[in-house]
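# Architecture and fold: a report
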Amino acid sequence: MEEIALHILDIVENSISAGATIVKIMIEISKKRDLLRIVVEDDGKGMDEEEVKKALDPFYTSKKNKKVGLGIPMFAQMAENCGGYLKIESEKGKGTKVIAEMRLNHIDRPPLGDLASTIFTTILGHPNVDFLIEIQTDDKRVEVDTRQIKEIVGQEGYLHPEVIRFIKDNIESEIEDILKGGI
């Protein structure tokens, strides 16, 4: 994967496949500390210690229709190549947290990619899953919580075209504003 947003999408899809009803995506971008930190946490079925080890093995997948599971191992390798790490914290029946940290200004760090479209498509594609997205820079913070939107418009109104347009425009403008100046 050539963009970090696609790695985030892959982990979120894993969370949803594991039965998550809420997925938290936290991204910290600090130029002052030369840090890019990505955390994806869910309340899915979780993994035991052996399954966590297997999740980091590129020649293992729990998916029946695939022969290998390259997503997490590729993300881990990318983080390590950029002076960082990837770790998985999980407990069977309680969920999983994937944490990746790397140097923001490392020459091998791929671009963040189209984070706004990735987040919007993920939210729209999984209306029965709640998402909490937090993006923080050295001086700004943005939060999108689909539970708040559903509280206002209801589950049925959540997929109304005007609500979808509002969510898309809001995500795009908030993320564009926080990432001004580039990373």
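Quick look at the structure, then. This structure is a prediction, so every number in the text was calculated from the model and none was measured. The residue count restarts for each chain, going from 1 along the sequence in the order it is written. Predicted model: local features are reported for residues with pLDDT of at least 70 only, side-chain atom pairs are reported and counted for 80 or more only, and whole-chain, interface and lining totals are derived from all residues. Remark: hydrogens and water are excluded; side-chain values derive from all non-hydrogen atoms of the structure.

All right, on to the overall build of the protein chain then. When you go through the protein chain residue by residue, the secondary structure sums to six helices and six strands. Taken from N to C terminus, the helices and strands of the protein chain fall in the order α-β-β-α-α-β-β-α-β-β-α-α. With the radius of gyration taken over C-alpha atoms, the globule rule is written as 2.2 Å times the number of residues to the power 0.38. Relative to the 2.2 N^0.38 estimate, which gives 16 Å for 183 residues, the radius of gyration of the protein chain is 16 Å and therefore close to what a compact globule would have. Each residue's exposure class comes from its accessible area (1.4 Å probe, protein chains only) as a fraction of the maximum for that residue type: buried when under 20%, exposed when over 50%, partly exposed otherwise. Per-residue burial for the protein chain yields a buried fraction of 45% across its 183 residues. For this analysis, residues touch if any pair of their heavy atoms sits within 4.5 Å. A sequence separation of at least 24 residues applies to 60% of the contacts in the protein chain between residues at least 6 apart. In these tables, accessible area is a Shrake-Rupley quantity obtained with a 1.4 Å probe, and a residue counts as shielded only by the protein chains included in the view. Looking at the protein chain as shown, the accessible area adds up to about 10000 Å², and 50% of this sits on carbon and sulfur atoms. Put simply, DSSP marks the helices as runs of H or I at least four residues long and the strands as runs of E at least two long, and each gets a number from the N terminus on.

Next up on the list: the sheet that holds strand 4 (residues 95-102). In spatial order, the strands read 3-4-2-1-5-6; together these six strands make up an open sheet with mixed pairing. Of all the strands in the sheet, just strand 3 (85-91) and strand 6 (141-145) have a single pairing partner and so form its edges. Strand after strand, the sheet turns through a mean of 5 degrees between neighbouring axes, direction not considered. For two strands to count as paired, DSSP must find a minimum of two bridges between them. Across seven bridges, strand 2 (residues 35-42) lies against strand 4 in antiparallel orientation. Across the sheet, residue R37 finds its bridge partner in strand 4, namely E101. Working convention: axes come from line fits to C-alpha atoms, limited for helices to the stretch in contact. Angles between N-to-C directions cover 0 to 180 degrees. The sheet strands contacting helix 1 (residues 4-17) are strand 1 (22-30), strand 2, strand 4 and strand 5 (130-136), and the helix crosses strand 2 at an angle near 15 degrees.

Before going further, it helps to spend a moment on the packing of helix 4 (residues 115-125) against helix 6 (residues 161-178). Where helix 4 contacts helix 6, the axes come no closer than 9 Å and their chain directions differ by 150 degrees. Classed by the angle they form, the pair helix 4 and helix 6 counts as roughly antiparallel. Crossing hand, helix 4 versus helix 6: right-handed. Two secondary-structure elements touch here, helix 4 through L115, A116, I119, F120, I123 and L124 and helix 6 through I164, I167, K168, I171, E172 and I175. Here the contact of helix 4 with helix 6 is built from residues that sort into 10 nonpolar, no polar and two charged. By definition in this entry, angles of less than 35 degrees are roughly parallel, angles greater than 145 are roughly antiparallel, angles of 65 to 115 are roughly perpendicular, and the rest are oblique. Here a crossing is called left-handed whenever its near helix is offset anticlockwise from the far helix by less than a right angle, and right-handed whenever the offset is clockwise. Classification convention: Asp, Glu, Lys, Arg as charged; Ala, Val, Leu, Ile, Met, Phe, Trp, Tyr, Cys, Pro as nonpolar; all other residues, Gly among them, as polar.

Attention now moves to the packing of aromatic side chains. Only Phe, Tyr and Trp rings are paired, with Trp represented by its six-membered ring, and only when their centres lie within 6.5 Å; those with planes under 30 degrees apart are stacked, over 60 edge-to-face, the remainder tilted. Per the stated rule, a full pass over the model turns up zero aromatic pairs. We call a charge positioned above a ring when the Lys NZ or Arg CZ atom is no farther than 6 Å from the ring centre and deviates by at most 35 degrees from the ring normal. Its guanidinium or amino end placed over the ring of Y158, K150 lies 4.8 Å from that ring's centre, counting from NZ or CZ.

Before going further, it helps to examine the pairing of strand 5. Within strand 5, six of the seven residues are buried, leaving the element largely enclosed by the surrounding structure. Of the strand pairs in this sheet, strand 1 and strand 5 are connected by seven bridges, and their pairing is parallel. Bridging from a neighbouring strand, I22 pairs with D130 of strand 5. With five bridges connecting them, strand 5 and strand 6 associate as antiparallel partners. By the bridge assignment for strand 6, L132 is matched with D145. Here strand 5 folds back onto strand 6 in antiparallel fashion, the turn holding four residues.

Glancing now at the pattern of salt bridges. By definition, a salt bridge exists where a carboxyl oxygen of Asp or Glu is found within 4 Å of a side-chain nitrogen of Lys or Arg. Enumeration over the complete set of coordinates arrives at 12 salt bridges. Put simply, E101 and R37 hold a salt bridge, and the shortest N to O gap is 2.6 Å. Highlighted residues: E101 in strand 4 and R37 in strand 2, separated in sequence by 64 residues. Notably, a salt bridge pairs K94 with E91, separated by 3.9 Å at the nearest N-O pair. Ionic contacts of the salt-bridge type, sharing partners, join the residues E134, R141 and E143 into one network.

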